[in-house]
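Residues per chain are reported as follows:
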Protein chains: 2
Amino acid sequence: MAEQAYYSVHPKFHAAVDCIIFGFEEGELSLLLLQRNFEPAKGEWSLAGGFVEDGEDIDDAARRIVAELTGLDDLYMRQVHTYGEVERDPGERVLSTAYYALVDIKRYDRELVRAHNAFWIKLPAIPRLIFDHDRMVQDALRFMRYQATVKPVGINLLPEEFTLTQLQALYEAILGERIDKRNFRKRIAQMDYIEKTGHIDKTLSRKGAALYRFNREKYDGNFKI
Amino acid sequence: MAEQAYYSVHPKFHAAVDCIIFGFEEGELSLLLLQRNFEPAKGEWSLAGGFVEDGEDIDDAARRIVAELTGLDDLYMRQVHTYGEVERDPGERVLSTAYYALVDIKRYDRELVRAHNAFWIKLPAIPRLIFDHDRMVQDALRFMRYQATVKPVGINLLPEEFTLTQLQALYEAILGERIDKRNFRKRIAQMDYIEKTGHIDKTLSRKGAALYRFNREKYDGNFKI
DNA sequence: CTAAAAAGTGTTGCACGTACACTTTTATTT
DNA sequence: AAATAAAAGTGTACGTGCAACACTTTTTAG
């Protein structure tokens, strides 16, 4: 009874999740954005979002929302921030927690994406987004960039096997600056958890480039994440 | 109408805020913890927490909760993470957002703290806390430590004017390791936003130590935070 | 005036990051 | 068959920043 009262005098709110879904394409980062064909803010651009449901962990809600859109349920995802201004959603009061997700752009379900009226848009071309979604994107980008300098999270944007040229282009896209090829390869050579597979990729060069793979066991052994 | 339906099919939840309140005393970090004299979990230790109210930004809720306990409303506070597991609060479902706050331990309101049955407890002596508050403390500590290596947030734990010896003891407490005095002072000397006030503190040494102050204008000029 | 207690002060070496340009390999074209 | 084009791959030298390291100065209390 006392317990009931303890909670019940306080208001309840809708709890939303908004997902900043990063992809990597042609040397540039992209976001998967939706052009809303439903109210509120029909016709405008937004992040992939949804509501937390009863009996659902908030992290699971984020996974569900990304899976419903991309067909992928094994993505690298991290919580960014919770936005709780009173007027942030002009419809009703909604507390929204932002997550970012990293997608290998070769793997997502094209049908699902089309059905949701979603599109990959390169970072410099991102349109204005509804509500406070612009700010969420900025915060997620900053957080993802920081994490990428500390641990090799960006690798989740590449296929299982990748060339060093691809990896360098990815880092250049994430950090937004050119990197010297020799210095980059020296750094990677020191990371024993990025290992040669022995396979050769011939699609991008006549000479062929060695393919590498991320070895999670070696990585987890060296550091605690 | 359509708008109403868009929101109303989704559940609502209690939104809580839990605050990890750091202080600095005798060369060690402390937390301000409450021994609960109310249900649920009466008698156990917890963080300072409360519920977000109607018409209140979530950041403001965090400020209010700390102000109600310490009498201070100008603290450095940052959001850490939102915890949304279904079963994290055994009473009812509550989504809780953790914030950390940095308190100059000379300034807080002792009467208020006593009235709330709250106590400063040094980090190594922190008792087991209710719910997932242990995890919140770990996450906040890691985040605060990281931020302290990047920007001088820790200064918010010291009085307006401080000696370099105090500042060094603070950094040692935050980072959990001893620092060489000469190297430390060399590093500080390069930071033109930490400036000598001309005042001398005689309470801690016979010789007297120069007092310094953090100059926010110079800092904001050099970097964008 | 002697002792004690904290403040304050420079130099050297090492590790890491950065700048910088040419050779190798192979498919395609002529 | 030779020439060309396109990307992969490779080593050195310099500079900056951080870490290791111990003694002198100042003042008050006894």
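On a predicted model such as this, the values are computed, not experimentally measured, just so you know.

Conventions we followed
- Sequence order sets the numbering: in each chain, residues are counted from 1 along the sequence as written.
- Here every chain gets a letter starting at A, and every ligand a number starting at 1, in the order they are written.
- Local features in this predicted model are restricted to residues of pLDDT 70 or higher, and side-chain atom pairs are both shown and tallied only at a pLDDT of 80 or more, whereas totals for entire chains, interfaces and linings draw on every residue.
- Based on all heavy atoms of the structure, the side-chain values leave hydrogens and waters out of the count.
- The secondary structure listing takes helices from DSSP runs of H or I that are at least 4 residues long and strands from runs of E that are at least 2 residues long, numbered from the N terminus.
- Partly exposed describes any residue whose relative accessible area lies between the buried limit of under 20% and the exposed limit of over 50%, with all areas from a 1.4 Å probe on protein chains only and scaled to the type maximum.
- Contact definition: two residues touch when any of their heavy atoms are within 4.5 Å.
- Buried area adds together the accessible area that both of two parts lose upon being put together, with accessible area traced by a 1.4 Å probe.
- Here, a salt bridge means any Lys or Arg side-chain nitrogen found within 4 Å of an Asp or Glu carboxyl oxygen.
- Polar contacts, as used here, are pairs of N or O atoms within 3.5 Å; protein pairs need one atom able to donate a hydrogen and one able to accept it. Residues neighboring in sequence count only if both atoms are side-chain atoms.
- Any residue outside Ala, Val, Leu, Ile, Met, Phe, Trp, Tyr, Cys, Pro, Asp, Glu, Lys and Arg is labelled polar, Gly included; the first ten of those are nonpolar and the last four are charged.
- Here, strands pair whenever DSSP counts at least two bridges between them.

A. Representation of unusual backbone geometry. All names here are of chain B. Notably, Asn117 is not glycine yet its phi reads approximately 60°, a positive angle. Positionally, Asn117 belongs in the loop between α3 (110-115) and β7 (118-122). Residues other than glycine seldom take positive phi values, yet Phe131 does so here, at roughly 50°. For Phe131, the location among the structural elements is in the loop between β7 and α4 (133-150). With a relative accessible area of 28%, Phe131 lands in the partly exposed category.

B. Focus on the interface of chain B and chain A. In this complex, chain B contributes 36 residues to the contact, which on the side of chain A involves 36 residues. Taken together, both faces of the contact between chain B and chain A bury some 3,600 Å²; the carbon and sulfur share is 57%. Counting the surface chain B buries against chain A, the share from its top three residues, B:Tyr7, B:Lys12 and B:Phe13, is 18%. At the surface where chain B touches chain A, the tally comes to zero salt bridges. Our count for the contact surface shared by chain B and chain A stands at 22 residue pairs in polar contact (both at pLDDT 80 or more). Tallied by class, the residues present in the side of chain B that touches chain A amount to 14 nonpolar, ten polar and twelve charged. Sheet topology places strand β1 (residues 12-25) of chain A next to strand β1 (residues 12-25) of chain B; three bridges connect them, and they run antiparallel. Its bridge partner being in β1(B), A:Phe13 is matched across the sheet by B:Phe13.

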